Amino acid sequence: MTAVDLGIPLVRRTTDTSARPDTTRLVDRFGRIATDLRVSLIDKCNLRCTYCMPAEGLPWLKRAELLDTEEMNRLIRIAVEELGVTTVRFTGGEPLLRQDLVDIIAATAALPSRPTTSLTTNGINLGGFAEPLVRAGLNRVNVSLDTLDRDVFKQLTRRDRLDDVLAGLAAAKEMRLEPVKVNAVLMRGINDHEAGDLLRFCIERGYQLRFIEQMPLDAQHEWDRGQMITAEEILERLGSEFALTPDVAERGSAPAERWLVDGGPATVGVIASVTRPFCAACDRTRLTADGQLRSCLFSTTETDLRGPMRAGAEDAELIRLWQETMWAKAAGHGMDSGEFAQPSRPMSAIGG
Ligand code: SAM
Ligand code: SF4
């Protein structure tokens, strides 16, 4: 297997595939089966969220390094038609900056096994894109919105684009890209006073809000666990304004723990990747915009698919590489272990 060492010691992975059962599916050593593919389409972004990247941006991938439309479509087809993937989520960077986004979504939705498709976006260009995306076959969207205050938005994202995001959200709802999910990251002393306002805003408009604990995936490596707003704190804050009761609906592999708000039917989710990891139920496999496979957000190794593809690899070879990469997946991200090392690729280049 051509795993690329990213310069960080391997933690609890394996390259031994002798015990791998004879199945086409993306099984690993811990009984998990990956059926959810996250595809990062581009690493570039038109915001500069402080918890994600520095003000000056990052050294973006060059055009020749990015998979082109055909290469992207080929790998998505292999995942869906050969490897049992049932859900394809497009992300980035900012996926709406990718010119062929609508074509890639249309090709994915037209696959015989038609997977469920979704898009994670900062929402800025969603107003203009919602209709073509629906026509291409997109099922739903996740829009990131951390604040309803224009000044806080400017401070947090370093751009004055709150109105565009709100318009994008409204367009998604109108075009029935539902459920429209909203992702929010709370930062201490910046937007952590807005948890209740964000929830009221989402309930009034029929969006499903999920808070995400801030993770050590920023390009600047400035994450500080002590500063992070934990799931417990989020629930405490919400609990002072709303009556929250656990939503007993089957959670499955969904990362968000959900609560009914004031008896329901509205809910709120909390994705506690740091304090309550859900690795044991993980069903994800990840592809970066430059054709690298990752078994986890926090992987410290990647498997190159672009090189073999450009060297003429047959589907069977790409299938084998994908299966072996997932077999090697570690049991968990190990954030609480002394061995944990932040991956060198930031969230914006992995695909969140
Ligand atoms: N640009 C798109 C967006 O913001 O939705 C898609 C990519 S972004 C990396 C995907 C999600 O990751 C967003 O909801 C964002 O808030 C979240 N995110 C980025 N950096 C994060 C971090 N360090 N910890 C937790 N979530 C993060
Ligand atoms: Fe861009 Fe999304 Fe990162 Fe914000 S979180 S800088 S919108 S990639």
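The structure under discussion appears in the preceding block.
Okay, so let's go over this structure. Bear in mind that the values here come from a model prediction, so they are computed numbers and not experimental data. Residue indices begin from 1 for each chain and proceed along its sequence in written order. For this description, chains carry letters from A and ligands carry numbers from 1, given in the order in which they are written. Under the rules for a predicted model, residues below a pLDDT of 70 receive no local features and side-chain atom pairs below 80 are neither given nor counted, while totals for whole chains, interfaces and linings still include all residues. Processing note: side-chain calculations cover all non-hydrogen atoms of the structure and skip hydrogens and water entirely.

Some thoughts on empty space enclosed by the protein
Right, on to step 1. The way it works is a 1 Å grid over only the protein atoms, where trapped points that fit a 1.4 Å probe form a cavity and open points with protein on both sides within 12 Å along at least five of seven lines form a pocket, and then any residue with an atom within 4 Å of a point lines it. Grid points are joined across faces, edges and corners, and a volume is the space filled by probe spheres set on the points. Within the structure shown, the criterion is met by two cavities of 30 Å³ or more.
Right, on to step 2. Reported here for the second largest cavity is a volume of approximately 30 Å³.
Right, on to step 3. Forming the walls of the second largest cavity are Leu26, Asp28, Arg32, Ile33, Ala34, Cys282, Asp283, Arg284, Met326 and Lys329.
Right, on to step 4. In this count, Pro and Cys sit with the nonpolar residues alongside Ala, Val, Leu, Ile, Met, Phe, Trp and Tyr, while Asp, Glu, Lys and Arg are called charged and the others, Gly among them, polar. Among the residues making up the lining of the second largest cavity, the classes are represented as five nonpolar, no polar and five charged.

What about the site of ligand 2?
Right, on to step 1. Here a residue is near a molecule or strand as soon as one of its heavy atoms is found within 4 Å of it. In the vicinity of ligand 2, the contacting residues are Cys45, Leu47, Cys49, Cys52, Met53, Gly93 and Asn122.
Right, on to step 2. For the shell around ligand 2, the residue count by class is five nonpolar, two polar and no charged.

A closer look at the pairing of strand β7 (residues 140-144)
Where a strand is regular, its side chains alternate between the two sheet faces.
Right, on to step 1. The element β7 is extensively covered by neighbouring structure, given that four of its five residues are classed as buried.
Right, on to step 2. Across four bridges, strand β6 (residues 116-121) lies against β7 in parallel orientation. By the bridge assignment, Thr120 is partnered in β7 with Asn142.
Right, on to step 3. Classification remark: right-handed applies to a crossover when, strands pointing away from the viewer, the course from the first strand over the helix to the second runs clockwise. Runs of H or I in DSSP of at least four residues are treated as helices and runs of E of at least two as strands, each being numbered from the N terminus. With helix α3 (residues 126-136) bridging β6 and the parallel β7, this β-α-β connection has right-handed handedness. Burial classes follow relative accessibility: with a 1.4 Å probe on protein chains only, a residue under 20% of its type's maximum area counts as buried, one over 50% as exposed, and anything between as partly exposed. By this definition, two strands are paired if DSSP reports at least two bridges between them.

Concerning unusual backbone geometry
Right, on to step 1. Residue Pro179 is reached from Glu178 by a cis peptide bond, and omega for that bond is 0 degrees.
Right, on to step 2. Each neighbour pair has its own omega, and for Gly264 with Pro265 the value is 5 degrees, a cis peptide bond.
Right, on to step 3. Structurally, Pro265 can be placed in the loop between β11 (257-261) and β12 (267-271).
Right, on to step 4. One non-glycine residue with positive phi stands out, namely His221, at about 55 degrees.
Right, on to step 5. Positionally, His221 belongs in the loop between β9 (208-212) and α7 (231-239).

Some points on the site of ligand 1
Right, on to step 1. The full set close to ligand 1 counts 18 residues, and Tyr51, Gly93, Thr121, Ser144 and Met215 are the nearest of them.
Right, on to step 2. Polar contacts, as counted here, are pairs of nitrogen or oxygen atoms within 3.5 Å of one another; within protein the pair requires one atom able to donate a hydrogen and one able to accept it, and residues that are adjacent in sequence qualify only if both atoms are side-chain atoms. Note that a nitrogen atom of ligand 1 is positioned 3.2 Å from one of the side-chain N or O atoms of Glu94.
Right, on to step 3. A distance of 2.8 Å separates a nitrogen atom of ligand 1 from a polar atom in the backbone of Met215.
Right, on to step 4. For ligand 1, the accessible surface in isolation is 540 Å², of which the surrounding protein chains cover 96%. The protein chains shown are the only cover counted for residues, whose accessible areas, like all others here, come from Shrake-Rupley with a 1.4 Å probe.

Some points on the layout of surface pockets
Right, on to step 1. Looking at the second largest pocket, its volume works out to about 350 Å³.
Right, on to step 2. What lines the second largest pocket is a set of 16 residues, and nearest its centre among them are Ile42, Arg63, Leu66, Arg98 and Gln99.

Side note on the environment of Thr15
Right, on to step 1. Among the secondary structure elements, Thr15 is positioned in the loop between β1 (3-5) and β2 (26-27).
Right, on to step 2. Among the residues examined, Thr15 registers a relative accessible area of 61% and is labelled exposed.
Right, on to step 3. Between the alpha carbons of Thr15 and Gly312 there is a distance of 24 Å; along the sequence they are 297 residues apart.

Details of the pattern of salt bridges
Right, on to step 1. Definition used for salt bridges: Asp or Glu carboxyl oxygen within 4 Å of a side-chain nitrogen of Lys or Arg. What the rule picks out here adds up to 26 salt bridges.
Right, on to step 2. Two residues, Arg32 and Asp28, come together in a salt bridge whose shortest N-O distance is 2.6 Å.
Right, on to step 3. Asp28 sits in the buried class, given a relative accessible area of 6%.
Right, on to step 4. The residue Asp36 makes a salt bridge to Arg284 at a minimum N-O spacing of 3.5 Å. Residue Asp36 is located in strand β4 (residues 36-40), and its partner Arg284 is located in strand β13 (residues 284-287); the two are separated by 248 residues in the primary sequence.

Looking at the packing of helix α2 (residues 101-109) against α3
Right, on to step 1. What counts as an axis is a line fitted to C-alpha atoms, over the stretch in contact for a helix, and the angles between N-to-C directions run from 0 to 180 degrees. In contact at an axis separation of 8 Å, α2 and α3 are set at 25 degrees when each is read in the N-to-C sense. Taken together, α2 and α3 sit at an angle that is classed as roughly parallel. Crossing of α2 against α3: the hand is right-handed. On the side of α2, the interface is formed by Leu101, Val102, Ile105, Ala106 and Ala109, while α3 contributes Phe129, Pro132, Leu133 and Ala136.
Right, on to step 2. Grouping the constituent residues of the contact of α2 with α3 by class yields nine nonpolar, no polar and no charged. Note that the term roughly parallel is reserved for angles under 35 degrees, roughly antiparallel for angles over 145, roughly perpendicular for angles of 65 to 115, and oblique for everything else. Crossing chirality is assigned from the near helix's rotation relative to the far helix, an anticlockwise turn below a right angle marking it left-handed and a clockwise turn marking it right-handed. The criterion used for residue contact is that any of the two residues' heavy atoms lie within 4.5 Å.

Examining the packing of helix α1 (residues 69-82) against α2
Two measures define how a pair of helices packs: the angle their axes make with one another and the distance between the axes.
Right, on to step 1. Packing of α1 against α2 brings their axes to within 10 Å, and their N-to-C directions diverge by 30 degrees. It follows from the interaxial angle that α1 and α2 lie roughly parallel. Handedness of the α1/α2 crossing: right-handed. Where α1 abuts α2, its residues Thr69, Met72, Asn73 and Ile76 lie against Asp103, Ile104, Ala107 and Thr108.
Right, on to step 2. Looking at the contact of α1 with α2 residue by residue, the class counts come to four nonpolar, three polar and one charged.

A short note on the side chain of Thr288
Right, on to step 1. Mapped onto the elements, Thr288 comes out in the loop between β13 and β14 (292-294).
Right, on to step 2. At a separation of 2.5 Å, a polar atom in the side chain of Thr288 contacts the side chain of Asp290.
Right, on to step 3. Apart from the residues within four sequence positions on either side, Thr288 is in contact with Ser40, Leu67, Met72, Arg294, Glu302, Arg345, Ala349 and Ile350.

As for α7
Right, on to step 1. Residues Ala231, Ile234, Leu235 and Leu238 constitute the buried set of α7. The buried residues of α7 occupy one face: seen down the axis, they fall within an arc of 95 degrees. Seen from the buried face of α7, the exposed residues on the opposite side, beyond 90 degrees, are Glu232 and Glu236.
Right, on to step 2. Its buried side turned inward, α7 meets α6 (195-205), β9, β10 (244-246), β11 and β12. Summarising the geometry, the arc corresponds to the directions from the helix axis toward the C-beta atoms.

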